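# Architecture and fold: a report
In case you want the letters, here they are:
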Amino acid sequence: MILSVIIPTYNRRNLIKYTLDGLLHARQEGVDFEVLVIDDHSTDDTAIVIKENYPSVKFFNNIGKGAP
């Protein structure tokens, strides 16, 4: 089974680490998943935190289009 987890975010540098750590530690045998983070053009270091600490996470920067 393959699962896609989509996480929308905006200026959540501190919370995104908590979310991704919990999600990546919850992996179970037989379930493959990809994590996609859609950032709404944050003005904090959200993008840097993800790119430096979570190389397996696919990061997309949405240029200020609001809530998903």
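To keep things clear, this report deals only with the structure shown in the data block.

What counts, and at which threshold
- Residues numbered from 1 in each chain as written.
- Predicted model: local features only at pLDDT ≥ 70, side-chain atom pairs only at ≥ 80, totals over all residues.
- Heavy atoms only, no water.
- Helix = DSSP H or I, 4+ residues; strand = E, 2+ residues; numbered from the N terminus.
- Rg over C-alpha atoms; globule rule 2.2 N^0.38 Å.
- Buried < 20%, exposed > 50% of the residue type's maximum accessible area, 1.4 Å probe, protein only.
- Contact = heavy atoms within 4.5 Å.
- Pairing = 2+ DSSP bridges.
- Axes fitted to C-alpha atoms, helices over the stretch in contact; angles between N-to-C directions.
- Lys, Arg positive; Asp, Glu negative; His and termini not counted.
- Salt bridge = Lys/Arg side-chain N within 4 Å of Asp/Glu carboxyl O.
- Core = buried A, V, L, I, M, F, W, Y, C linked by side-chain atoms within 4.5 Å.

## Quick word on the overall build of the protein
Assigned secondary structure in the protein consists of two helices and three strands. Radius of gyration (C-alpha) of the protein: 12 Å, near the 11 Å computed for a compact globule of 68 residues. Referenced to the eigenvectors of the C-alpha coordinate spread, the extents of the protein come out at roughly 35 × 20 × 15 Å. Buried positions account for 28% of the 68 residues belonging to the protein. A separation of at least 24 residues holds for 60% of the contacts in the protein among residues at least 6 apart in sequence.

## Considering the sheet that holds strand E1 (residues 2-9)
Read across the open sheet, the three strands follow the order E1-E2-E3; overall the sheet is parallel. The open sheet has two free edges, formed respectively by E1 and strand E3 (58-61), since each of these has just one partner strand. Taken over all neighbouring pairs, the strand axes of this sheet differ in orientation by 20° on average, direction set aside. Across four bridges, the pairing between strand E2 (residues 32-39) and E3 is parallel. For Asp39, the partnering residue across the bridge sits in E3 and is Asn61. Sitting on the sheet, helix H1 (residues 13-25) is in contact with E1 and E2, with an inclination near 170° to E2. Helix-sheet contacts for helix H2 (residues 46-53) involve E1, E2 and E3, and the interaxial angle to E3 is about 160°.

## Structural notes on the side chain of Asp39
Among the secondary structure elements, Asp39 is positioned in strand E2. No salt bridge is formed by the buried Asp39, whose closest oppositely charged neighbour, Lys51, lies at an N-O distance of 8.5 Å.

## So, the nonpolar core
Within the largest apolar cluster, 13 residues are counted, with the highest numbers of intra-cluster contacts made by Ile7, Ile16, Leu20, Val35, Val37, Ile50 and Val57. Among the secondary structure elements, those contributing two or more residues to this core are E1, H1, E2 and H2.

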